[in-house]
Amino acid sequence: MCGIIGYIGYREAVKIILDGLECLEYRGYDSTGLAAIENGKLLYRKNVGRLSVLKDSIDKDPITANIGIGHNRWATHGKPSDINAHPHLSSDGLISVIHNGIIENYLELKAALEAKGVEFVSETDTEVVAHLIREKYKGDLLSAVSEALSEIRGAYALCVLCESEPGRIIAAKLASPLIIGFGDAENFVASDSTALAAHTRRICNLNDRVIADVTAESVHLYDLDLKPLELVEEHIPDEWTQEAVALGEYSHFMLKEIHEQPQAIRNAAMGKLGSKDGSVAFDGFSFTKEEYKKLKRIDIVACGTAYFAGVFGKYLIEKHLRIPVEACIASEFRYKNPIVGEGSLVIAISQSGETMDTLESLKLAKARGAKTLAITNVLGSQIDRAADYRIYTMAGPEIAVASTKAYSTQVEILYLLALYFGSLSESMPAESVEALTNAAMQAPDAVSYVLGQEKAIEQATEEIFKSSRMFFIGRGADYCASLEGALKLKEISYIHAEAYPSGELKHGPIALIEEGTPIVALATQPELYDKALSNIKEVKARGAKVLLIARDSAAYIAREADISIMIGEMEDDAAILPAVCVMQLLSYYTALKLGRDVDKPRNLAKSVTVE
Ligand code: F6R
């Protein structure tokens, strides 16, 4: 959600900024822009729509500069339009600002500035920042930004340029992500390391309430009162390579990432799952048996796909460990006065590690005395840094907005976590240890098996997805999987898809089934096969067209379905990942046939850094 890139050095800033904005496109945006200082003159370009429009306008009227800032905007305050796109400028054009986040008291600040005669041109909250900094400016941009920030409430990742100080970018961060990248005689600012991987591996993740004074030769950090802070250098992880963020032979990142799943799952388990006896160790998380004994409950907080991984985590941990687990949507958890405190473990699952609601839920739990564990894909992300403990999913960069390999690796980590808790509890049955170990070890091959059926899955979309609405049904683990299947389909194909526990259909939703209504039914849990069969008969009797996703051992159910995709044989707990992989491919090929923008579906952002 919004992408920021800044450059200062000796190279062509505009080229670096445009390339950086392209790398950040995956975060989601509806307009784009940049500002740069050419021969002491602050110039800018911005437009609603794609980056290609900005590139064309730069081609027609180039800017030559060694300093600049660029922004992809995902609209919050004010519709997507040329005028609302960033950068925003002070009325005299001296100050230029790009911003990710929400300035909560912008109306109040705007009224005060208007009373002093300032004229606003956009509907955005960001514009107040440009005018406020201008008002405070008396020859030193750093002091002006610090003074302005003392009056601002809300969330921000900011980059500021000043025409009369062409050798510095001032950046600041509160709640929204921002990192600094270090080069030789050049430095960078960015929303995330995807935009920097081509230039440097040396970075610093800014903490909240930090201002950075960035020149070509130096980076100095300050708190909001301009007290100097220590700068701690970190590194972009090895798997965040330029190739990893490039399409390669694939037509879409989503397809590439679906295919990367077997290796991503292996990477997730590597160095954590010791051997076939199910021993597990994590670098960033360890509990003593005493601590585990004191554990009264676990809450998993997350959003979207990560939440659905959490729903499966609840199923898995309760099944094997018999301790109470809740999976909570983070935006609900925050505001429901949750029952957390000593004796609770709160697990935040987040691919990006930046999702605002997940981050705030984790902070709330921590403040109330709960232990907190982050399961995240991004080292150094805010959720990673805010938690007491951390486990990395090691999926590598996920660029497509629709999450695929992040989900699989989160599920893999949940197998390992259940095993780890089992080793602490000392009472987990040997069958559970075996089942979880098998699941963790079988998952990559189980997904590969399904990828081998890609053609058949693509063909299945011809038959089934002709409706504007459909259902995904299953029980137990199959319900967990169907939640993710329905989300994948709706977000990239825009077909209205709902997941329902099969047994719940008769309590209302069955009224929606008529001749030809497509239903994806799951049958991967042998003890529930007969129930699955009854539910399939029930919907078929009302005219539904059923696409069955089932284990080979459920072949007798397949006879009742219109189309079946068989996923092979595996441990019960391992079936969720191949089943979800089938639904990822169904969604992908359906969206493709409908001509959707698969990697960048409308209205969605990859990283949701506002509430
Ligand atoms: C769906 C999807 C989203 C994310 C959600 C949480 O495909 O990608 O639902 O799962 O926005 O994002 P993270 O995991 O980054 O916290």
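Description of the pattern of salt bridges
Then, number 1: What the rule picks out here adds up to 42 salt bridges.
Then, number 2: For D140, the salt bridge identified is with R168, shortest N-O distance 2.7 Å. One end of the pair, D140, is in the loop between α4 (126–136) and α5 (141–149); the other, R168, is in the loop between β7 (156–162) and β8 (169–174), and 28 residues separate them in sequence.
Then, number 3: Residue D140 is classed as partly exposed on the basis of its relative accessible area, which comes to 28%.

Details of empty space enclosed by the protein
Then, number 1: A full pass over the atoms with the stated rule returns four cavities of 30 Å³ or more.
Then, number 2: Computed from the structure, the largest cavity encloses a volume of approximately 280 Å³.
Then, number 3: Grouping the amino acids of the lining of the largest cavity by side-chain chemistry returns 10 nonpolar, 11 polar and five charged.
Then, number 4: Of the pockets and cavities examined, the second largest cavity occupies roughly 90 Å³.
Then, number 5: Here the residues of the lining of the second largest cavity are counted per class, giving four nonpolar, eight polar and two charged.

Observations concerning the site of the ligand
Then, number 1: Taken together, 14 residues lie near the ligand, and S350, Q351, S352, T355 and E491 sit nearest.
Then, number 2: Within the backbone of T305, an N or O atom sits 3.1 Å from an oxygen atom of the ligand.
Then, number 3: Within the complex, the protein chains bury 90% of what would otherwise be the 400 Å² of accessible surface of the ligand.
Then, number 4: The cavity where the ligand resides is the largest pocket.

Focus: the packing of α4 against α5
Packed helix pairs are characterised by how far apart their axes lie and by the angle those axes make with each other.
Then, number 1: Two elements in contact, α4 and α5, have axes whose closest approach is 8 Å; the angle formed by their N-to-C orientations is 120 degrees. Between α4 and α5, the angle falls in the class oblique. For the crossing formed where α4 meets α5, the hand is right-handed. Contacts from L132, I133 and K136 of α4 reach α5 at L141, A144, V145, E147 and A148.
Then, number 2: When the residues that make up the contact of α4 with α5 are grouped by side-chain class, the tally is six nonpolar, no polar and two charged.

Brief notes about the nonpolar core
Then, number 1: One finds F285, I298, Y415, L417, F421, I549 and I576 to be the most contacted residues of the largest nonpolar core, which totals 102 residues.
Then, number 2: Aside from chain neighbours lying at most four places away, what touches F285 is L345, L373, Y389, R390, I391, L417, Y420 and F421.
Then, number 3: Grouped together as the second largest cluster of nonpolar side chains are 33 residues, I95, V129, L149 and C162 included.

Looking at the packing of aromatic side chains
In this description, a pair of aromatic rings is defined by centroid distance and the angle of the planes.
Then, number 1: Under the criterion given, the structure shown has 16 aromatic pairs.
Then, number 2: Pairing F285 with Y389 gives two aromatic rings, centres 5.1 Å apart and planes at 65 degrees, and the pair type is edge-to-face. Here F285 is found in the loop between α7 (261–269) and α8 (289–293), whereas its partner Y389 is found in strand β20 (residues 389–392), with 104 residues between them in sequence.
Then, number 3: Feature note: the residues F282, F285, F287, Y292, Y389, Y420 and F421 constitute an aromatic cluster, connected by ring pairs.
Then, number 4: Taking NZ or CZ as reference, R602 lies 3.8 Å from the ring centre of Y494, over its face.

Cut-offs and rules
- Residues numbered from 1 in each chain as written.
- Predicted model: local features only at pLDDT ≥ 70, side-chain atom pairs only at ≥ 80, totals over all residues.
- Heavy atoms only, no water.
- Salt bridge = Lys/Arg side-chain N within 4 Å of Asp/Glu carboxyl O.
- Helix = DSSP H or I, 4+ residues; strand = E, 2+ residues; numbered from the N terminus.
- Buried < 20%, exposed > 50% of the residue type's maximum accessible area, 1.4 Å probe, protein only.
- 1 Å grid on protein atoms, 1.4 Å probe; cavity = no way out; pocket = protein on both sides within 12 Å on 5 of 7 lines; lining within 4 Å.
- Points joined across faces, edges and corners; volume = space filled by probe spheres on them.
- Nonpolar A, V, L, I, M, F, W, Y, C, P; charged D, E, K, R; others polar.
- Near = heavy atom within 4 Å.
- Polar contact = N/O pair within 3.5 Å; in protein donor to acceptor, adjacent residues only side chain to side chain.
- Areas by Shrake-Rupley, 256 points an atom, 1.4 Å probe, with all protein chains shown as cover.
- Sits in = over half its atoms within 2 Å of the grid points.
- Axes fitted to C-alpha atoms, helices over the stretch in contact; angles between N-to-C directions.
- Parallel < 35°, antiparallel > 145°, perpendicular 65-115°, else oblique.
- Left-handed = near helix turned anticlockwise from the far one by under 90°.
- Contact = heavy atoms within 4.5 Å.
- Core = buried A, V, L, I, M, F, W, Y, C linked by side-chain atoms within 4.5 Å.
- Phe/Tyr/Trp six-rings, centres within 6.5 Å; stacked < 30°, edge-to-face > 60°.
- Lys NZ or Arg CZ within 6 Å of the ring centre and 35° of its normal.

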